[in-house]
Amino acid sequence: MSEKDFRRKKNKHLRAIMEWVKARGADQVIPFCASLEQNLMAMEPEAAAAYCAENEVQSMMSRIITTGYHELHLIHFMTAGSDEVRCWTIRDGCKAPDAAGCIHSDMKNGFICAEVMAFDDLKRLESEAAAREAGLRRQEGRNYTMADGDIVVFKFGRVNPKKK
């Protein structure tokens, strides 16, 4: 929709689109202005915030992404090493060995266990050592269902190649 329509939160097609979506069993429509989103992405964060405040608009990008992940039943887990932190996307309900397999198939095949702590716990306690001392870093086995925001260290053994 145009930026003018987006600001007014009205568009001649919006009601028909909402009815069409609702008739097909979905419950959410997120109106947005593609040109506004493109302009906001091109701006520095401070300038984008000022533009949004001045024009009484809000970017819908984070809502689109969050809703999309929810509707597709996707969650995130993180791995951290000494030089990088990575975020991985998996299906909700994924078991720990399958999550390890998203990183590398050898990690799935040689899976031993996963050392897991919740992101919220790490954020609250501010360090991995504090989370460990509080007993919030735990070892989980093959049947552990990954949770959104898990921080994981996978332990795996060497996989012997199949001999012919």
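As the structure is a prediction and not an experimental result, all values here were calculated from the model.

Participant: Describe the pairing of strand β1 (residues 74-80), listing the residues and the values that go with them.
Facilitator: For a regular strand, the rule is simple: side chains alternate between the two faces of the sheet. Alignment of β1 against strand β2 (residues 85-91), held across seven bridges, turns out to be antiparallel. Residue pairing in the sheet places M78 in a bridge with C87 of β2. Taking the residues that link successive antiparallel strands as the turn, the β1-β2 hairpin has four residues.

Participant: Please give an account of the sheet that holds β2 that cites residues and values.
Facilitator: Strand order across the open sheet formed by five strands is β2-β1-β5-β3-β4, with mixed pairing between neighbours. Strands at the two margins of the open sheet, each flanked by one partner only, are β2 and β4 (138-140). Strand after strand, the sheet turns through a mean of 40° between neighbouring axes, direction not considered. Packing of helix α6 (residues 96-103) onto the sheet brings it into contact with β1, β2, β3 (111-118) and β5 (150-156), and relative to β2 it is tilted by some 125°.

Participant: Let's hear about the pairing of β3: which residues, and what values?
Facilitator: Burial runs high along β3: six of the eight residues are buried. Looking at chain direction, β3 and β5 are connected through seven bridges and run antiparallel. Bridging across to β5, A118 finds its partner in D150. Bridging between β3 and β4 involves three bridges; their strand directions are antiparallel. The residue bridging V116 from the neighbouring strand is R138, located in β4.

Participant: An account of the nonpolar core is requested, with residue identities and associated values reported.
Facilitator: What tends to happen in soluble globular proteins is that the nonpolar side chains get buried as a cluster. The biggest cluster of nonpolar side chains holds 16 residues, and the ones touching the most others in it are F77, M146 and F154. Going through the elements one at a time, β1, β2, α6, β3 and β5 are the ones with two or more residues in this core. Excluding its chain neighbours within four sequence positions, the residues that come into contact with M146 are I75, F77, I90, C94, K95, A96, A99, V152 and F154. Listed in part, the nine residues of the second largest apolar core include F6, I30, C33 and L36.

Participant: So, the packing of aromatic side chains: which residues are in play, and what are the values?
Facilitator: Enumeration over the complete set of coordinates arrives at three aromatic pairs. Taking the centre distance of 6.5 Å and the plane angle of 20° together, the rings of F77 and W88 count as stacked. Of this pair, F77 sits in strand β1 while W88 sits in strand β2, placing them eleven residues apart in sequence. W88 matches F77 in its accessibility class, with the two residues each being buried. Taken together, F77, W88, F111 and F154 form an aromatic cluster joined through their ring pairs. The ring centre of W88 lies 4.3 Å from the NZ or CZ of R86, which sits over that ring.

The rules behind the values
Residues numbered from 1 in each chain as written. Predicted model: local features only at pLDDT ≥ 70, side-chain atom pairs only at ≥ 80, totals over all residues. Heavy atoms only, no water. Pairing = 2+ DSSP bridges. Helix = DSSP H or I, 4+ residues; strand = E, 2+ residues; numbered from the N terminus. Axes fitted to C-alpha atoms, helices over the stretch in contact; angles between N-to-C directions. Contact = heavy atoms within 4.5 Å. Buried < 20%, exposed > 50% of the residue type's maximum accessible area, 1.4 Å probe, protein only. Core = buried A, V, L, I, M, F, W, Y, C linked by side-chain atoms within 4.5 Å. Phe/Tyr/Trp six-rings, centres within 6.5 Å; stacked < 30°, edge-to-face > 60°. Lys NZ or Arg CZ within 6 Å of the ring centre and 35° of its normal.

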